[in-house]
Amino acid sequence: MSTPLTYNTELAEAGNSKPVKGAMLKQTTLRAGNEIVVYEESCPADKYLFWGFGYRNKQAGNASHIYAQLKASGNGSATAGDAIKGDLIAVITDSEGRDVLHRYNIGDLETLADAAADPRTERPIMPALAPIAREDQRIQLRIVADEESDGAEIDPSASSARIYHGKLN
């Protein structure tokens, strides 16, 4: 059973932030109701990774303002450029990427896509979340597609996103 990732004030100013951009996503086919991995990074032996970055209070100044506008490639059931619909989830897994140790529901992709048009400071934020990923664990972004995106393939080159994670040395 996985545990939730939760806001951690000690991580808010720790490490360096790194964005996951649309072009970094996997070109993969989605299945409605199934969690499909669209981004994955293994934690190196000499580092620690964590989802989010900065504070949960926008007035604190150090916050990771996020958005995700994901598009279909045209392969599969969707037309090229169609919006991918579903939920975006951040997880920390075991070394094989199978067992989910911790999870955080970032939000629905329609809301995250709308945020791309907002001024940066008006976008949703994803603060620093604990626990952290350690050696031989992985951080992943997963999508649970809605019925209308069932069978759609993600086009990383047409997608735009900024979902942050932190890295500690």
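One structure accompanies this document, and this report is about it. (Residues numbered from 1 in each chain as written. Predicted model: local features only at pLDDT ≥ 70, side-chain atom pairs only at ≥ 80, totals over all residues. Heavy atoms only, no water.)

Looking now at the pattern of salt bridges. In this structure the tally under the stated criterion is nine salt bridges. Between E148 and K85 there is a salt bridge; the shortest N-O distance is 4.0 Å. With a gap of 63 residues between them, E148 in the loop between β11 (138-145) and β12 (152-154) and K85 in the loop between β7 (72-76) and β8 (86-93) connect regions that are remote in the sequence. When salt bridges with common partners are traced through the structure, they connect K18, E41 and K167 into a single cluster. (Salt bridge = Lys/Arg side-chain N within 4 Å of Asp/Glu carboxyl O. Helix = DSSP H or I, 4+ residues; strand = E, 2+ residues; numbered from the N terminus.)

As a further point, take a negative patch on the surface. A contiguous patch of negative charge, built from D108, E110, D114, D118 and E122, is present on the exposed surface. By the secondary structure assignment, D108 is in strand β9 (residues 100-108). Residue D108 is classed as partly exposed on the basis of its relative accessible area, which comes to 31%. (Patch = residues over 30% accessible without salt bridge, like charges linked within 9 Å, V, L, I, M, F, W, Y side chains within 5 Å. Areas by Shrake-Rupley, 256 points an atom, 1.4 Å probe, with all protein chains shown as cover. Lys, Arg positive; Asp, Glu negative; His and termini not counted. Charge placed at Lys NZ, Arg CZ, Asp CG, Glu CD. Buried < 20%, exposed > 50% of the residue type's maximum accessible area, 1.4 Å probe, protein only.)

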